[in-house]
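Okay, here's what each chain looks like letter by letter:
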Amino acid sequence: MAAADKVDPIHQFHINKIVPIEIGGYDLSFTNSSLFMVVTVVVASAFLYLATSGRHLVPTRWQSSAELTYEFIANMLKDSAGSQGMRFFPFVFSLFMFVLVANLLGLIPYFFTVTSHIIVTFALSVLVIGVVLVYGLAKHGFGFFKLFAPSGVPAILIPLVAVIEVVSFLSRPVSLSVRLFANMLAGHITLKVFAGFIVSLGALGGVGIAGAVLPLIMTVAITGLEVLVAALQAYVFAILTCMYLNDALHPGH
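Note that the coordinates shown come from a computational prediction; the quantities given were computed from them, not determined experimentally.

S.K.: Would you mind going over the layout of surface pockets with me for this structure?
M.R.: Vacant regions in the atomic arrangement are exposed by a probe of water-molecule size rolled over the atoms. Quantified by volume, the largest pocket comes out at close to 620 Å³. Lining the largest pocket are 21 residues, with Gln 12, Pro 109, Tyr 110, Phe 111 and Lys 192 positioned closest to its centre. Elements represented by at least two residues in the lining of the largest pocket include exactly helix H1 (32-52), helix H6 (172-202) and helix H8 (213-249). Ranked by residues supplied to the lining of the largest pocket, first place goes to H6 with 4 residues.

S.K.: Sorry if this is basic, but what is going on with the environment of Ala 46 here?
M.R.: Considering the arrangement of structural elements, one finds Ala 46 in helix H1. Of the residues examined, Ala 46 reaches a relative accessible area of 33% and is grouped as partly exposed. Ala 46 sits 50 residues away from Phe 96 along the chain, and the two C-alpha atoms are 15 Å apart.

S.K.: Looking at this structure, how should I read the UniProt feature "transmembrane region" (unreviewed entry) in the protein chain?
M.R.: Listed under "transmembrane region" (unreviewed entry) in the UniProt record, and renumbered for this structure, are residues 34-51, 88-112, 118-138, 147-171, 191-218 and 225-246. Along residues 34-51 the backbone is 100% helical and 0% strand, and the end-to-end C-alpha distance reaches 26 Å. The span residues 118-138 shows a helical share of 100% and a strand share of 0%, and its end C-alpha atoms are spaced 29 Å apart.

S.K.: Honestly, a nonpolar patch on the surface in this entry has me stumped. Any pointers?
M.R.: A surface patch of nonpolar side chains, amounting to about 880 Å² of accessible area, comprises Ile 18, Val 19, Ile 21, Ile 23, Tyr 26, Leu 28, Phe 30, Leu 35, Val 38 and Val 42. Secondary structure elements with two or more residues in the nonpolar patch: strand S1 (17-19) and H1. Counting residues per element, the nonpolar patch draws most heavily on H1, at 3 residues.

S.K.: Quick question: what am I supposed to make of H1 here?
M.R.: Because the α-helix completes a turn every 3.6 residues, residues three or four places apart line up on one side. Here H1 contains 21 residues, and its C-alpha end-to-end distance of 30 Å stays within 8% of the 30 Å for a straight helix at 1.5 Å per residue. All of the buried residues along H1 are Asn 32, Ser 33, Ser 34, Phe 36, Thr 40, Ala 44 and Ala 51. Its buried side turned inward, H1 meets S1, strand S4 (30-31), helix H2 (61-81), helix H3 (89-105) and helix H4 (118-140). The residue sitting at the N-terminus of H1 and contributing the capping side-chain oxygen is Thr 31; that oxygen lies 3.3 Å from the backbone nitrogen of Ser 33.

S.K.: Just checking my understanding: could you explain the nonpolar core for this structure?
M.R.: If you look at the biggest cluster of nonpolar residues, it comprises 42 residues, and the most contacted ones within it are Ile 73, Val 92, Phe 96, Val 132, Phe 169, Phe 237 and Tyr 244. Of all the elements in the fold, those that place two or more residues in this core are H2, H3, H4, H6 and H8. Looking at which element gives the most residues to this core, the answer is H3, with 12 residues. What Tyr 244 contacts, discounting residues up to four positions off in sequence, is Val 128, Ile 129, Val 132, Arg 172, Ser 175 and Leu 176.

S.K.: Just checking my understanding: could you explain the packing of aromatic side chains for this structure?
M.R.: Aromatic rings considered in pairs are described by the distance between their centres and by the relative angle of their planes. Across all of its chains, the model carries 15 aromatic pairs by this definition. Between Phe 36 and Phe 111, the ring centres sit 5.2 Å apart and the planes meet at 55°, which makes this aromatic pair tilted. In this pair, Phe 36 sits in helix H1 while Phe 111 sits in the loop between H3 and H4, placing the two residues 75 residues apart along the sequence. In textbook terms, an aromatic cluster arises when at least three aromatic residues are bridged by ring pairs, as seen for Phe 142, Phe 144, Phe 145, Phe 148 and Phe 169.

S.K.: I keep staring at the side chain of Thr 31 and nothing clicks. Help me out?
M.R.: Topologically, Thr 31 is positioned in strand S4. Residue class for Thr 31 comes out buried when judged on its relative accessible area of 11%. One polar contact links the side chain of Thr 31 to the main-chain amide nitrogen of Ser 33, over a distance of 3.3 Å. Apart from residues lying up to four places away in sequence, Thr 31 is in contact with Ile 15, Asn 16, Lys 17 and Ile 18.

S.K.: Mind showing me how you'd approach H3 here?
M.R.: Its 17 residues give H3 an end-to-end C-alpha distance of 24 Å, which sits within 8% of 24 Å, the value for a rise of 1.5 Å per residue. Along H3, 14 of the 17 residues are buried, which leaves the element largely enclosed by surrounding structure.

S.K.: Any chance you could explain unusual backbone geometry here in plain terms?
M.R.: A negative phi angle characterises most non-glycine residues, just as the trans form characterises most peptide bonds. Here the phi dihedral of Tyr 110 falls at roughly 75°; this positive angle occurs in a residue that is not glycine. For Tyr 110, the position within the fold is in the loop between H3 and H4.

Calculation rules
Sequence order as written defines residue numbering, which begins from 1 separately in each chain. Selection of residues for local features in this predicted model requires a pLDDT of at least 70, selection of side-chain atom pairs for listing and counting requires 80 or more, and totals for whole chains, interfaces and linings are taken over all residues. Hydrogens and waters are ignored; side-chain quantities use all the structure's heavy atoms. A pocket here means an open set of points on a 1 Å grid, computed over the protein atoms alone, that has protein on both sides within 12 Å along at least five of seven lines. A cavity is instead a set of points where a 1.4 Å probe fits but cannot get out; residues with an atom within 4 Å of a point line either one. Grid points are joined across faces, edges and corners, and a volume is the space filled by probe spheres set on the points. Runs of E in the DSSP output that reach at least two residues are strands. Runs of H or I that reach at least four are helices, and both are numbered from the N terminus. Classification of residues uses two cut-offs on accessible area relative to the type maximum, computed with a 1.4 Å probe and protein chains only: under 20% is buried, over 50% is exposed, and between them is partly exposed. UniProt positions are given in the numbering used here, feature names are shortened, and annotations may be inferred rather than shown by experiment. Each patch is built from residues that are more than 30% exposed by relative accessible area and take part in no salt bridge. Like charges join if they lie within 9 Å; nonpolar side chains (Val, Leu, Ile, Met, Phe, Trp, Tyr) join within 5 Å. Per-residue and other accessible areas were derived by the Shrake-Rupley procedure at a 1.4 Å probe size, with only the shown protein chains allowed to occlude residues. Should a side-chain nitrogen of Lys or Arg be within 4 Å of a carboxyl oxygen of Asp or Glu, the pair is scored as a salt bridge. A helix is expected to span 1.5 Å for every residue after the first. Between two residues, a contact is recorded if the distance between any of their heavy atoms is within 4.5 Å. N or O atoms within 3.5 Å of each other form a polar contact, as long as, within protein, one can give a hydrogen and the other can take it, and as long as residues adjacent in sequence are counted only when both atoms are side-chain atoms. By nonpolar core we mean a set of buried residues, namely Ala, Val, Leu, Ile, Met, Phe, Trp, Tyr and Cys, connected to one another through side-chain atoms within 4.5 Å. Note on aromatic pairs: the rings of Phe, Tyr and Trp (six-membered ring only in Trp) are paired at centre separations within 6.5 Å, and the planes decide the class, stacked below 30 degrees, edge-to-face beyond 60, tilted for the rest.

Rendered as structure tokens:
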């Protein structure tokens, strides 16, 4: 058994029940993960509402931040999927804000990082692929399957290419979810390990405190890096979503 004062970098990812709920043999408890998903939605919604409620002619800093985020996602969607892609703007913008705010909230001490659990990131990824499939089939019918037979490919190679394309398509939710989950998980574990070194060395007295300077510097540096990674992973998730939606809009390539 580990010592009581030993720093456990995995403890921060444990799911804890807040309100136990069981219906028909299914565990539907309200957990710390559920709580911080709600907090994420509330914080993102409150930021956008408060930032845009004034609608000043000369925007405030908060209003400018909201408007820049709006323009950033709109331009990204147009560049990836064309003007027709703007019909998906609310969907992409909501995903981006959810992932970004969830990532940033997870950097606050004693908060929970919902995107560090693959079940959450996989659910978001399946939602994206589900939208692509439903819209693509509804708009193009069987023409959507041109996605798996690129134009210009010799007829003899179409079966092989089609198999490769199908496998690539089915692997999208896996790669999309694992990329976000793995980056958040690894970053938080690294941060907790170096922070643990500070606590452990500090308990050794003067010599330990002097030795804790390097872990402290590393902790500050990794924290700054994690802020960058939090924003970057939200961007990557959003840009890949835009690219996948482009396939639903223009399956023939």
